[in-house]
Structures are given as C-alpha cells and as structure tokens.
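Residue-level listing of the chains:
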Amino acid sequence: MKRSLRRALWAGAAAVLAVTAVPITSAFGAGSVTTTFTRASDWGTGHETRVTITNGSDASVSTWRIEFDLPAGTTISSFWDADVTSSGNHYVAVKKSWAGALAPGASFSWGYNGTGGYKAPLNCTINGAPCGGGGTPPPTTTPPTATPPTTTPPTTPPTTPPPVPPTGGKKIVGYFAEWGVYGRNYHVKNIHTSGSASKLTHILYAFGNTTGGRCTIGDSYADYEKAYTAAESVDGVADTWDQPLRGSFNQLRKLKKMYPHLKVIWSFGGWTWSGGFTQAAQNPAAFADSCYSLVEDPRWADVFDGIDVDWEYPNACGLTCDTSGPNAFKNVVAALRSKFGANALVTAAITADGSNGGKIDATDYAGAAGHLNWIMPMTYDYFGAFNAQGPTAPHSPLTSYSGIPTQGFNSDAAIQKLKSKGVPANKLLLGIGFYGRGWTGVTQEAPGGTATGAAPGTYEAGIEDYKVLKNTCPANRTIAGTAYAKCGSNWWSYDTPSTINGKMSYANGQGLGGAFFWELSGDTGNGELISAMRSGLG
C-alpha cells in the first residue's frame, strides 16, 4: 500500500483556502434560560444537531427538561450528553446525572444525529416554559453563591466540559499529521472548531521517527517549537517566547484540557520512517527504553497516553524490505508493553493485505495482539494511480467484487483473515480514508478502465481530500461498499457519509472495537465524515 507517499510531499505544499459553512441556528427567543438548536452538519440523508442551554439568570440552574417536536421526515437516531425519550414526533431531553449545575452566564451542550436533512424543532419548552422566554421556569435554582460565575477571559472557550462521544465503548480514532501545520494550514485548533474533538475518542499524532532503531523526534519545530498566536491557539491564548513547551504538543495539551475524555497517542514509523524498525527488532528492549524516554519526556509527558507502532511492514516490503522474521513485530510490541506498563495505551497500525501469502501471513499479528490495546488494519490504498495505467478500482473496497484487480485486497478479507488467525474482533478497528485516489485519461465510467496517469491533486497527483472531491467530482456510483465517480477524463473513488455509514454497520456487525481514519484535515470544516462515523457506530 502507498498510503504514506503523500506524507512527506504535503509538508512544503501551498496552502489551500478552506471554506467553512456557517451553521443554521434556530433560537427560541430571549428568556432567562434559552435553548438553541444548531445544525452542526447535514449530509442530505442525515444531520447532526447541537443543542445549547444558556443560563441568562443570576442564579444557578440545577436541572433542566426540554420538550420539543420534530417536523415530519425527521427523527433522532442517536444522542449524547442528555437522556432522550420520544413518543411519535415529540421528544423529551433531560439532564444527565453527572452534568453539574449551570452557573449564571454558563452554557451546556448536548447533541443528536437525525435522519433526513436538518429541520428546526417546533414547540420547544424548557422546564415547562417557552425555550426563549414568555414565562418563568419552575424553581430549579440554588443561591448564586453556591456556584460562582466563571471568570475565564473572554478570549477563551467556555469551561463547561464538551460532550463525550456516545460510542458505547466503540473507539473513534483519528490521525493528526505532524506536517499539516505547514502547507495544509491545519492545526490542533481545527480539531476543536470543526466539532471533531467532541466525536473522537483518541488522536494519533503522526509521526515520530525510528532512526537507528530508536524512537526520535520527527519535526521539532512542528512538535514543540512553533509559536502560536492567540488567534491560532486552541484556547485563544498566545504562546510566549520563554514558555517551556510550544508547538502542536502544547496545543494538544490545551485540547485535552478542553476535552477531558480525549486520549492522545504518539505514532512512530509510517511509510517514510519505518526503516528503523528492522534495527529495533534486533534489540526490542533498547528500542522500548528509547521510546519511553521520549514519550515520557517531562516537557510533554502529560500530553501522551501511550505509543502506536506503524511498521510498514514487518517481515515484508514497504519503502524498504524487512526480513526480521514472523516474530519480530510481536517481540517489539511486547517490549513496549513491558516498558510502558499495563495502564498505557500500546496500539498498532498494520497491513490490510488479506491475500493468500500476503503481508498479514508474513507476521504473527495474533501473537502480538495480547500486548496491544487495539490493532488498526489500514483498509485503504488497496488500489490507486501508483499503477498509472490502471485498472481503475476503488481504493478502499469493503468487500470483493467481480473484476477486483487483486483478490484479498478488500477490508472484509483483511478482517476475516485476522479473526481467523486469532485476533479478537473487539481489538480490531476498521480503517477509513478521508481522501480519494484517482486516475486521468479514463474513458470508462465503470471500474476496470484504463488510464494514462494520476489525476491532478491539490498536494499530490492521484490523491485529493474528501472536502475537495465532494464539490469537484461528486460521487454518483457505488461498488463494494464505497463510492466513485468519473468527471471528464478523471476517475475518483472515495468514501462519503453514506458509504461510511454502511462501513460502520459492517464494523458493528462484525463485533469490531470501532473505527479509525487517515486523517483529520481531509474532512470538511464541519466534520461531515467523522459525524457519519459516530452516527454509524451508535
């Protein structure tokens, strides 16, 4: 697979202006306690809504109950951070037991995913009074001195903890690309402003290097040296010249403070930097010692909750070839687990080559599974313009199909092979690409056509972000659980909210532990794809 070829190329590329849609908001007046429904995202067949309760009174509000009706054609399919019941199109949402009182001037948000396009709720009341006023809510307050008003400076976000993803234990893991802070102009703050932080359970920071069989820094400037202005910073506070930690690491620290449920894992290797794993396999204990010293460096030890191994590929060929044997990967992750301890997260991204005698068969992944919290087969980049003349094929097929160029190159084949070898289903996460792969010089709309080369891309030929493709080449066909389209002589395949929903249904049906994706900057400014992942996992 050629997933990581784009990684080094993106760092120096020119920035592209990202256009963020303005949410549609439905406010119900201006009473002492108000409720606002905001369209967070809308993908036609579904939508996400954020509901915000704001205490405009001078006393704390200890509980709340919202009642509203949804117009015909709209129903709630999942919700989080409130208990919601329904009778027909009438819904009642009440405060979770763990949610604290609302201080004067404070707000609290919960949310839901719905079927159909977004439609503003009707007949909204809170605590028996109109959501925006016209009446006085029933007594639900405590003296204002019990919970003093928040004194956070106006430049900082609200201190109310954001919602925790309602994944029922399912993991939603997203990669943050270290070099995205350059040409892509994608920063940790974007994880917050897009709404993605409230949907993620874990962030993979990619990548650390493995030079000389040791864990080493990948890019010190991006990691911990770059100074952020107030406008660029997660919390609206500028870096100073003399603070001990800056860069993305400090921004991740701020993001975790804002979203206490989030865990961050430092990923090492990738396509470009996997060469050092061969030397690491010769002395796994020394490798683990070096990784622990780096990840637990006192300057940023609180930022990271563990380590991820992205070895492309043990006992097989990627950018370079490894001949360490089938036990090398297991030995390396066992040493990491021993050094980091039982409470740290130790994870791995692995090949998704389900062919007979392919890369999965080359390594004892089942033996390694006992040392890992979860395993992420990279179920994307099966096909692409690295084969410049085609045949055209979806780069992330969920299943096989008639005419697939290589048997075993699909998500289901990888999942079934790993399960058959003894990897527990609940330790497997399904991979989603937030980008497409494409060819040019194509005359045939159906998959299997010939091409003359890679389709033009913003940062690299043959690859383009979903947020671009949804507008420049809207998908109008599906095959094997993913989408494709021919636009002029260009042919692209990529996942959409609809196909992601189908893949999440597959993950649920297989008993998988959740899903992961490469990578955050490919999504829209309001997080269409990650919203579909969370909605689909339930």
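Remember, predicted model here, so these are calculated numbers, not experimental data.

Asks: Can you break down the pattern of salt bridges residue by residue, with the values?
Replies: The full count for this structure, using the stated rule, is 16 salt bridges. Here Lys256 and Asp305 are joined by a salt bridge, their closest N and O atoms 2.8 Å apart. Placement of Lys256 in helix H4 (residues 247–258) and of Asp305 in the loop between helix H6 (284–295) and strand E16 (306–310) is noted, with a sequence separation of 49 residues between them. Lys256 gets classed as buried once you look at its relative accessible area, which sits at 15%. One salt bridge connects Arg477 with Glu445, and the closest N-O pair in it is separated by 3.6 Å. Linking Arg477 in strand E23 (residues 477–479) with Glu445 in the loop between strand E20 (435–440) and strand E21 (453–454), this pair joins segments that are 32 residues apart in sequence. Residue class for Arg477 comes out partly exposed when judged on its relative accessible area of 37%. By relative accessible area, Glu445 is classed as partly exposed at 31%. Three or more residues are tied together by salt bridges with common partners; here these are Arg184, Asp465, Lys467 and Glu519.

Asks: Now, about the state of the cysteines: what can you tell me, with residues and values included?
Replies: Overall, the coordinates contain 4 disulfides when judged by the stated rule. Between the sulfur of Cys317 and that of Cys321 lies a disulfide, 1.9 Å long from S to S. Of note, the bridge from Cys317 to Cys321 carries an S-S torsion of about 110 degrees and is right-handed in sense. Disulfides within the chain link the bonded cysteines, taken in sequence order, as 1-2, 3-4, 5-6, 7-8.

Asks: I'd love a proper account of the packing of H6 against helix H7 (residues 328–340), names of residues and values included.
Replies: Remark: H6 packs on H7, axes separated minimally by 8 Å, with the N-to-C direction vectors making an angle of 45 degrees. For the element pair H6 / H7, the angle class is oblique. For the crossing formed where H6 meets H7, the hand is right-handed. On H7, the residues that touch Pro284, Ala285, Phe287, Ala288, Asp289, Cys291, Tyr292 and Val295 of H6 are Asn331, Val332, Ala335, Leu336, Lys339 and Phe340. When grouped by side-chain class, the residues that make up the contact of H6 with H7 number 11 nonpolar, 1 polar and 2 charged.

Asks: So what's going on with unusual backbone geometry? Which residues, and what values?
Replies: For the bond from Glu312 to Tyr313, the omega torsion is 10 degrees, close enough to zero to count as cis. In this fold, Tyr313 is placed in the loop between E16 and H7. For the bond running from Gly390 to Pro391, omega is 5 degrees, close enough to zero to count as cis. Among the secondary structure elements, Pro391 is positioned in the loop between strand E18 (374–377) and helix H9 (411–420). Backbone geometry at Asn127 places phi at a positive 55 degrees, although glycine is not the residue there. Backbone geometry places Asn185, a non-glycine residue, at a positive phi of 55 degrees. Along the polypeptide, Asn185 turns up in the loop between strand E13 (171–177) and helix H2 (188–193). Residue class for Asn185 comes out partly exposed when judged on its relative accessible area of 46%.

Asks: Break down H6 for me, citing the residues and quoting the values.
Replies: Taking 1.5 Å as the rise per residue, H6 with 12 residues should run 16 Å; its terminal C-alpha atoms sit 16 Å apart, in good agreement. Within H6, burial applies to Pro284, Ala286, Phe287, Ala288, Ser290, Cys291, Leu294 and Val295. Where H6 is buried, its residues meet strand E15 (263–269), helix H5 (276–280), E16 and H7.

The rules behind these values
- Residue positions are given per chain, counted from 1 along the sequence in the order it is written.
- Reporting in this predicted model follows two pLDDT cut-offs: at least 70 for local features of residues, and 80 or more for side-chain atom pairs to be given and counted; totals over whole chains, interfaces and linings ignore these cut-offs and use all residues.
- Computation of side-chain values: all heavy atoms of the structure, hydrogens and water removed.
- A pair is scored as a salt bridge if a Lys or Arg side-chain nitrogen falls within 4 Å of a carboxyl oxygen belonging to Asp or Glu.
- For the purposes of this entry, the term helix denotes a DSSP run of H or I that reaches at least four residues, the term strand denotes a run of E that reaches at least two, and both are numbered from the N terminus.
- With a 1.4 Å probe rolled over the protein chains alone, any residue whose accessible area is under 20% of its type maximum counts as buried; one over 50% counts as exposed, and the rest are partly exposed.
- Disulfide assignment relies on a single distance test, namely cysteine sulfur atoms paired within 2.5 Å.
- Axis definition: a line fit to C-alpha positions, over the contact stretch in the case of helices; interaxial angles, taken between N-to-C directions, run 0 to 180 degrees.
- An angle below 35 degrees is read as roughly parallel, one above 145 as roughly antiparallel, one from 65 to 115 as roughly perpendicular, and any other as oblique.
- Put simply, a crossing is left-handed when the front helix is turned counterclockwise from the back one by less than a right angle, and right-handed when it is turned clockwise.
- Working rule for contacts: check all heavy atoms of both residues, and any pair within 4.5 Å makes them a contact.
- Lys, Arg, Asp and Glu make up the charged group, whereas Ala, Val, Leu, Ile, Met, Phe, Trp, Tyr, Cys and Pro make up the nonpolar group; the residues left over, Gly among them, are polar.
- Helices are assigned an expected span. That span is 1.5 Å times one less than the residue count.

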